Amino acid sequence: MTINVPVARLVGAEKTYGSGPNAVHALAGVDLDVVGGRFLAVMGPSGSGKSTLMHCLAGLDTLTRGSVIVGGTELGSLSDRALTRLRRDRIGFVFQQFNLIPTLTCRENIELPVRLAGRRLDRAWFDTIVGAVGLGHRLDHRPAELSGGQQQRVAVARALATKPDLMFADEPTGNLDSRTGAEILAFLRDAVDELGQTVAMVTHDPVASTYAHGAVILSDGRIVDRVEEPTVDAVLDLLTNVGGLTCSA
Amino acid sequence: MLRVTLANIGAHKRRLVSTFTAVVLGVAFLAGVLVQTATLQHKFDVMFDTSSAEVDAVVRSDRSAPGYDDGERIHAPLDPAVLDRVRLVPGVADAQADWEGTAVVIGADGDPLGTNGPPKLGLTWHDDPELSAYRIVDGRAPVAPDEVVLAVGTASDGDLSVGDRTTVLVPDEVAVTVVGLATFGGRDSAGPTTTALFSEAGARAHLATRSGGVDGTVGLGRILLTAAPGVDDDTFASTVRAAAGDGTETLSRSEFRAENRDGIDDVMNFLRPALLSFALIALLVAAFSIYNTFAIIVAQRTREAGLLRAIGASRSQTLRAVLAESALVGLVASIVGLGLGLLVAVGLGSLLARGGLGLPGGLLLAPATSIGCVVVGTVVTVLCALGPAVRASRVAPMQALRAADVDQSATSVVRLVIGSLTAAAAVVGVLWATVGSGGMAAGGLAIALGVLALVVLGPIVAAPAGRVIGLPLRLRGVTGDLARLNAVRNPRRTASSSAALMIGVAIVALFTVLAASITATVDDQIRRQVGGDLVVTALGGTVPPGTAAEVAEQPEVATATGFGPATLTLDGQEEQVITSDVPTLTGLLETDPVAGDMSSVVGDRLAVSQAEADRRGWAVGDTIDVERVDGTRTELVVGAVYRTTDLLGDVLVPRTVVVDHGQPLTDFAVMVELADGVSVAAGRAAIERTVADLPTVDVMDRDELSASIAQEVNTVLYLVYGMLALSIVIALMGIANTLSLSTLERTRELGLLRAVGQTRRQARAMIRLESVVVAVYGTALGMAVGVLGAWVLVASDTSGQIGGFTVPADQLAVVLALGALAGVVAAIRPASRASRRQPLEAIAGG
Ligand SMILES: Nc1ncnc2c1ncn2[C@@H]1O[C@H](COP(=O)(O)OP(=O)(O)O)[C@@H](O)[C@H]1O
Ligand SMILES: [Mg+2]
């Protein structure tokens, strides 16, 4: 993996909902490089634009102004079909909840993006990621039979299955107790350090941010701060500055 | 309460569209059938009341003449002396001889008028307006025997006007002049009939041939009488009856009217339940659709309801909310359906008119029909909503708050037990019908039980069956897998949305197989039993007398033998027999003799069927006392016993026994064997030349004969298809709607799939394939039920009408393919709607 080269960038990104006096500027001019082989945390108070930023970076949403480039491709010019392919082949997702298809087994859920592409999942890679998230014995169960933490592990494995350029996680531990949450965060960090993946994670939890290599702080749709090797105290300080410690995502 | 209900309906507008449509269509069909049958009944009543004019009594012979006229007994001729007697009865205002018969009018273009079905009437003109509903509007009354007055409608159909010369077949050809045109009760014609009115002399000469002449003297058809003013109807009838004397029967005014109506009552008594059952099928299919919609709406609202309950809303409140909603939807939809029903009635009317049951005039909408339809529609809707509503009200608040993604509730023990018991009862019914003596009625019951068992067991069977049907989808990769799993993830829903289709398809398959079996049986009978080269038949089943002889004279023809009806009293019991040149006929028709010798049946011998011999205790060599319609007697000896009765009936008598004894001999058909070396084409050309002047006569080879019968069977089959089309449409709308609602429920999941890389095309394919699995499941189940049902009916048929069970594999394959295609069509809208949704909307929706 190329280190220190941005796998994704936002340039002058603006996203406005509505118009006129009611307009909400979810993103009000954001420049951001997501550097390969690193774990980035996106933080900020509720409503600061974290999810919007993530969705635009991931090709799930379009910008009002500015551009998104993923792996050298400008997303604004892509058709729905090309965007779908890009998400399928080059981006992995872990959402806060409802990550899995209830009718499919864990194995099938993990294989889903690869099979949607009409390919077969490389056996060795499958074993690697399944081993990494520690799910071996539950692979043939359906999501409903798993705990929340186990479901998120399957989601992480699914996101890793295509060896994506970039993996997004939006509050992946938001619905988990702290111990299970810590496990998931450790997996994400391992994916970066040991499997050479790139991860961008939205969180409002200062503890979660300590698993990242770096963090950016959003407020009112702008990046107001950046921290390298964030610590709980440092992040807490920054968040207190922008006045957003009270709510969840 | 009402405000909450209305608000709910508003919120679920789109979901309720299909419930609404299902109720509307079901009720529309029901209303259409009820309105049309009531209208038809009313019009026929009016028509027959009109045709009865002011006749106060009718006198006719109490004996039968040979043959049946449209299934009605024909009466022997009446002694003219009776007329002289009844004219002297005090209180008689008028008494006139009257003849009725069949008269096919040939139009200006040389073709016979009227369709095969409605009567082509030849009537007697009466100057006394009390005796007839016909009134001359152009020209004058007929006087000479070769003058006729035509109904205005008949004349315009045939492009004939006053002064034109044409031909009337009675069934002999009669050259006539049209001297006048008449209306019937103010209308152009009596319904779909054609009418030619003869003078008394003309009727005596031409119509009386049917009712016969005794020893050359022509009898009267019947006597129509009117009473002087103030005479009581019943008193009048009994005085006339007393005066008419032996050998006659007298009908009072009301008896005459009742009898006139009888024939049409038979038609209506067949037509009404037949049409009604198709309407009920549509309603039943609609019920499944309604049930499903409410089940889904309720499921979607379960969380909401759970919340309400968690904050203290009572169970009965939840229940009442759903019921009020369904009642309102049912009521409004039923009213709309009633309106649409009038259109359906018009459509049915034109369909019936094509079948010869058309009568002019508007529709009759009785208040009871309107109220009945609206009540039925509303009640069905409420009942269908009741189950889901009760279930929703039982939901524990906490359970409701949990998302039920995959339904596991379907496999209940009670369901399994009830379903298995019903299935066992169906099997017993099948055995009773086929092996036992239950007959077709038991067979029908067994089929109904079987369908019921399938409906009950549906949710249990649906999942494994759907998985098997979906197996080929594995080839479509993960899209196919997802479709297959989605199709069975909620077995209860799959079962009820496919059940509607199952019922429709089952009936389609049942009739398709029955029709094929009947056609094959007839074809086989014709091939086995008809030995000649060609058959001469005629419109209405009456080949004119003398045709057989004319055909036989042709050099290309070896033998030509007709066979036709006659009436004889055998050992004191009046019977319809068939007369023919038996030895020759036996050479051309398979009789399968079991005793005696068919070639010996000449002179004073007759042949009887095995069934008749068993019934009457006759055997070869027995002597039978025979009385002819003219009262003369003779004795005949049983010369042979045969088994095949399909074409020959139960008693075969030589022509010589009845000829010149008061019965004109017409033929059902003339069997022709060609001379050696004459090709069928050449022989046919020769015979066609011979009968060229008989427009009603047709020459057919054996293939055409079976094709013509197959065509009649198929006409009925297509009618059944037409009647079922609406039910199938409702079933498909149900599938489409269930699919729509299911995709709506799965919004988040669909969004997730799109987010992780499912293309729109894949999303559409996934939903389409799911729909195909459900549709093929319903179709296959329906086909299995239909084919099995047809087999049960064939096996339990004791009448011998359907000898063999034939499965038309090609036709059924088409049905199955159409079922799959229907699944694709049903998925078009839900699939495109679901695939157009942005993945983010779905994810954010959580
Ligand atoms: N679909 C939308 N329509 C209108 N406003 C939206 C929409 N999505 C997000 N917003 C607004 O944009 C802002 C940023 O939202 P979001 O990115 O979800 O914030 P976060 O994830 O940081 O809580 C918020 O003010 C939110 O209300
Ligand atoms: Mg958010």
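Keep in mind that this is a model prediction, so the values were computed, not measured. Every chain's residues receive numbers from 1 upward, in the order its sequence appears when written. Working convention: letters from A go to chains and numbers from 1 go to ligands, in the order in which they are written. Two thresholds apply to this predicted model, a pLDDT of at least 70 for residue-level local features and 80 or more for giving and counting side-chain atom pairs, whereas whole-chain, interface and lining totals are computed over all residues. Water and hydrogen atoms were dropped before computing side-chain values, which therefore reflect all heavy atoms in the structure.

### Quick word on the overall build of chain A
Here comes step 1: For helices the rule is a DSSP run of H or I covering at least 4 residues; for strands it is a run of E covering at least 2, with both sets numbered from the N terminus onward. For chain A, the count of helices and strands is eight helices and 10 strands.
Here comes step 2: Within chain A, the proportion of its 249 residues that are buried is 54%.
Here comes step 3: Throughout, the Shrake-Rupley method with a 1.4 Å probe supplies accessible areas, and for residues the shown protein chains are the sole cover considered. Carbon and sulfur atoms make up 48% of the accessible area of chain A, which amounts to about 10,200 Å² in all.
Here comes step 4: Charged side chains of chain A number 24 positive and 28 negative; the gap between the two group centres comes to 8 Å. Buried residues are those whose accessible area, probed at 1.4 Å on protein chains only, stays under 20% of the maximum for their type, while exposed residues exceed 50% and partly exposed ones sit between those limits. The charge count treats Lys and Arg as positive and Asp and Glu as negative. His and the chain ends do not count. Charge positions come from single atoms, namely NZ of Lys, CZ of Arg, CG of Asp or CD of Glu.

### Details of the overall build of chain B
Here comes step 1: Scanning chain B for helices and strands turns up 24 helices and 26 strands.
Here comes step 2: Across chain B, every contact between residues at least 6 apart in sequence was considered, and the portion connecting residues at least 24 apart equals 81%. Only heavy atoms matter for contacts: two residues are in contact if any of them lie within 4.5 Å across the pair.

### Comments concerning the sheet that holds strand 2 (residues 24–35) of chain A
Residues and elements named next belong to chain A.
Here comes step 1: Two strands pair if DSSP finds at least two bridges between them. Spatial strand order, 2-1-4-5: four strands in an open sheet with antiparallel pairing. If you trace the sheet from one side to the other, it starts and ends with strand 2 and strand 5 (73–74), each paired once.
Here comes step 2: In the sheet, strand 4 (residues 65–70) pairs with strand 5 via two bridges, with the strands oriented antiparallel. Counterpart to V70 in the pairing with strand 5 is T73.
Here comes step 3: Contacts between helix 1 (residues 50–57) and the sheet are confined to strand 1 (6–17), strand 2 and strand 4, with strand 2 contributing the most and set at about 55 degrees to the helix. Interaxial angle, 0 to 180 degrees, is taken between N-to-C directions of lines fitted to C-alpha atoms, where a helix line uses only the stretch in contact.

### What about the packing of helix 11 (residues 413–434) of chain B against helix 22 (residues 760–796) of chain B?
Residue and element names in this part refer to chain B.
Here comes step 1: Relative orientation of the contacting elements helix 11 and helix 22 amounts to 30 degrees, with a least axis distance of 8 Å. Each of V430, A433 and T434 in helix 11 lies in contact with helix 22, whose residues at this interface are W791, V792, A795 and S796.
Here comes step 2: By residue class, the composition of the contact of helix 11 with helix 22 is five nonpolar, two polar and no charged. Each residue gets one of three labels, nonpolar for Ala, Val, Leu, Ile, Met, Phe, Trp, Tyr, Cys and Pro, charged for Asp, Glu, Lys and Arg, and polar for the others, Gly among them.

### Let's talk about the interface of chain B and chain A
Here comes step 1: Opposite the 25 residues of chain B that make contact, chain A presents 22 residues.
Here comes step 2: Interface of chain B and chain A: buried area, both sides summed, is about 2,300 Å²; carbon and sulfur atoms make up 67% of it.
Here comes step 3: Accessible area that two parts lose when put together, evaluated with a 1.4 Å probe and summed over both, is termed the buried area. It is B:L752, B:V756 and B:L840 in chain B that bury the most area against chain A; as a group they hold 25% of the surface buried on that side.
Here comes step 4: Salt bridge, as applied in this entry: a Lys or Arg side-chain nitrogen positioned within 4 Å of an Asp or Glu carboxyl oxygen. Inspection of the region where chain B meets chain A yields three salt bridges.

### Some points on the packing of aromatic side chains
Here comes step 1: Centres within 6.5 Å are what make two rings of Phe, Tyr or Trp a pair, Trp counting through its six-membered ring; a difference in plane orientation under 30 degrees is then read as stacked, over 60 as edge-to-face, and the rest as tilted. Under the criterion given, the structure shown has five aromatic pairs over all chains.
Here comes step 2: Their ring planes at 55 degrees and their centres at 5.2 Å tell us that B:Y134 and B:F184 sit as a pair that is tilted. Placement of the pair is B:Y134 in strand 8 (residues 134–139) and B:F184 in strand 11 (residues 173–184), with a sequence separation of 50 residues. Both residues of the pair, B:Y134 and B:F184, count as buried.
Here comes step 3: An aromatic cluster is present here, built from A:F93, A:F95 and A:F168 joined pairwise through their rings.
Here comes step 4: Whether a charge lies above a ring is judged from NZ of Lys or CZ of Arg, which has to be within 6 Å of the ring centre and within 35 degrees of the ring normal. Here the guanidinium or amino end of A:K163 rests over the ring plane of A:W125, the centre of that ring lying 5.1 Å away.

### Here we look at the confidence of the model for chain B
Residues and elements named next belong to chain B.
Here comes step 1: The predictor rates its confidence in each residue with pLDDT, a number between 0 and 100. Looking at chain B, the pLDDT average stands at 81 and 87% of residues meet or exceed 70.
Here comes step 2: Mean pLDDT across the elements of chain B bottoms out in strand 13 (residues 213–214) (39) and peaks in strand 9 (residues 147–151) (93).
Here comes step 3: Below a pLDDT of 50 lies the segment residues 210–217, which in the model reaches 22 contacts outside its immediate sequence neighbourhood of four places, other chains included.

### Digging into the sheet that holds strand 1 (residues 57–61) of chain B
Residues and elements named next belong to chain B.
Here comes step 1: Here four strands make up an open sheet; going across it, the order is 4-15-1-16 and the pairing antiparallel. Pairing within the sheet leaves two strands with one partner each, and these edge strands are strand 4 (92–98) and strand 16 (248–252). Here the average twist between neighbouring strands, direction ignored, is 20 degrees.
Here comes step 2: Two elements, strand 1 and strand 16, share five bridges in a ladder whose sense is antiparallel. Across the sheet, S61 pairs through a bridge with T248, a residue of strand 16.
Here comes step 3: Its contacts with the sheet place helix 3 (residues 80–87) against strand 1, strand 4, strand 15 (222–227) and strand 16, and it is angled at close to 170 degrees to strand 4.
Here comes step 4: Most of the contacts of helix 6 (residues 233–244) go to strand 16, to which it runs at about 170 degrees, and overall it touches strand 1, strand 4, strand 15 and strand 16.

### Focus on the pattern of salt bridges
Residue and element names in this part refer to chain A.
Here comes step 1: Under the criterion given, the structure shown has 36 salt bridges over all chains.
Here comes step 2: The salt bridge involving R38 is made with E228; its shortest N-O contact spans 3.2 Å. On the criterion of sequence distance, the pair formed by R38 in the loop between strand 2 and strand 3 (39–43) and E228 in strand 10 (residues 222–228) is long-range, its members being 190 residues apart.
Here comes step 3: Residue R38 is classed as partly exposed on the basis of its relative accessible area, which comes to 22%.

### Looking at the site of ligand 1
Residues and elements named next belong to chain A.
Here comes step 1: Nearness here has a simple test: a residue counts as near a molecule or strand if at least one of its heavy atoms is within 4 Å of that partner. Close contacts around ligand 1 come from 12 residues, with G47, G49, K50, S51 and T52 the closest.
Here comes step 2: Here a polar contact is recorded for every N or O atom pair within 3.5 Å, except that within protein the pair must consist of a potential hydrogen donor and a potential acceptor, and residues adjacent in sequence are included only if both atoms are side-chain atoms. Between ligand 1 and G47 there is a distance of 2.7 Å, counted from an oxygen atom to a backbone nitrogen or oxygen.
Here comes step 3: T52 places a side-chain nitrogen or oxygen 2.5 Å from an oxygen atom of ligand 1.
Here comes step 4: For the shell around ligand 1, the secondary-structure elements that each account for two or more residues are strand 2 and helix 1.
Here comes step 5: Sort the elements by how many residues they give to the shell around ligand 1 and helix 1 lands first, with three residues.
Here comes step 6: Residues that form the shell around ligand 1 fall into these classes: five nonpolar, six polar and one charged.

### What about the packing of helix 12 (residues 439–469) of chain B against helix 14 (residues 491–529) of chain B?
All names here are of chain B.
Here comes step 1: Between helix 12 and helix 14, the shortest axis-to-axis distance is 8 Å and the interhelical angle comes to 145 degrees. With respect to the hand of their crossing, helix 12 and helix 14 are arranged in right-handed fashion. Here I447, V451, L454, V455, G458, P459, A462 and A463 of helix 12 come into contact with helix 14, specifically with P491, R492, T494, A495, M502, I503 and L510.
Here comes step 2: Residues of the contact of helix 12 with helix 14, tallied by class, amount to 12 nonpolar, two polar and one charged. Handedness of a helix crossing follows the sense of rotation of the near helix relative to the far helix, less than a right angle counterclockwise being left-handed and clockwise being right-handed.

### Notes on a negative patch on the surface
Residues and elements named next belong to chain B.
Here comes step 1: Think of a patch as exposed residues, more than 30% relative accessible area, with no salt bridge, where like charges cluster within 9 Å and nonpolar side chains (Val, Leu, Ile, Met, Phe, Trp, Tyr) cluster within 5 Å. Taken together, the side chains of D172, E173, E550, E553 and D693 define an acidic patch exposed on the protein surface.
Here comes step 2: The topology assignment puts E173 in strand 11.
Here comes step 3: Judged by its relative accessible area of 38%, E173 is partly exposed.

### Topic: the state of the cysteines
Residue and element names in this part refer to chain B.
Here comes step 1: The term disulfide is used for any two cysteine sulfur atoms that are within 2.5 Å. Within the structure shown, the criterion is met by zero disulfides over all chains.
Here comes step 2: The thiol of C373 is unpaired, and the distance to the nearest cysteine sulfur, on C384, comes to 16 Å.
Here comes step 3: Judged by its relative accessible area of 0%, C373 falls in the buried class.

### Digging into helix 14 of chain B
Along an α-helix, residues three or four apart share an orientation, since each turn contains 3.6 residues.
Residue and element names in this part refer to chain B.
Here comes step 1: Taking 1.5 Å as the rise per residue, helix 14 with 39 residues should run 57 Å; its terminal C-alpha atoms sit 53 Å apart, in good agreement.
Here comes step 2: Two axes enter the bend calculation: one fitted to the seven residues ending at the residue in question, the other to the seven starting there, and the bend is the angle between them. A maximum bend of about 30 degrees is found in helix 14 at A499.
Here comes step 3: Of all 39 residues making up helix 14, 32 are buried, and the element is well covered by its neighbours. Expected helix span is taken as 1.5 Å per residue step, with the number of steps being one fewer than the number of residues.

### Focus on helix 6 (residues 178–193) of chain A
All names here are of chain A.
Here comes step 1: Helix length check: helix 6 (16 residues) gives 22 Å between terminal C-alpha atoms against 22 Å at 1.5 Å per residue, within 8%.
Here comes step 2: If you check which residues of helix 6 are buried, you get T180, G181, I184, L185, F187, L188, A191 and V192. Across the axial projection of helix 6, the buried residues extend over an arc of 150 degrees, all falling on one side. Projecting away from the buried face of helix 6 at angles above 90 degrees are the exposed residues S178 and R179.
Here comes step 3: Looking at the packing, one finds that the buried side of helix 6 touches strand 3, helix 4 (123–133), helix 5 (148–161), strand 7 (166–170), strand 8 (199–202) and helix 7 (206–209).
Here comes step 4: Sitting at the head of helix 6, D177 places a side-chain oxygen 3.1 Å from the backbone nitrogen of R179. Along the arc lie the directions from the helix axis toward the C-beta atoms.

### As for a positive patch on the surface
Here comes step 1: A contiguous patch of positive charge on the surface is contributed by A:R81, A:R85, B:R476, B:R761, B:R764 and B:R768.
Here comes step 2: With three residues, helix 22 of chain B is the largest single contributor of residues to the positive patch.
Here comes step 3: In this structure, B:R764 sits in helix 22.
Here comes step 4: Its relative accessible area of 31% is what places B:R764 among the partly exposed residues.

### A few points about the side chain of A:R158
Here comes step 1: Topologically, A:R158 is positioned in helix 5.
Here comes step 2: Although buried, A:R158 forms no salt bridge, and the nearest oppositely charged side chain, B:E749, lies 11 Å from it.
Here comes step 3: Those residues in contact with A:R158, other than ones at most four positions away along the chain, are A:F93, A:N99, A:L100, A:N109, A:I110, A:P113, B:L752 and B:V756.

### Side note on unusual backbone geometry
Here comes step 1: For A:D220, which is not a glycine, the phi torsion comes out positive at approximately 50 degrees.
Here comes step 2: Position of A:D220 relative to the elements: it lies in the loop between strand 9 (214–219) and strand 10.
Here comes step 3: In the Ramachandran plot, B:D159 falls in the positive-phi region, its phi being about 60 degrees despite a non-glycine side chain.
Here comes step 4: Its place among the elements puts B:D159 in the loop between helix 4 (152–157) and strand 10 (165–169).
Here comes step 5: B:D159 gets classed as exposed once you look at its relative accessible area, which sits at 61%.

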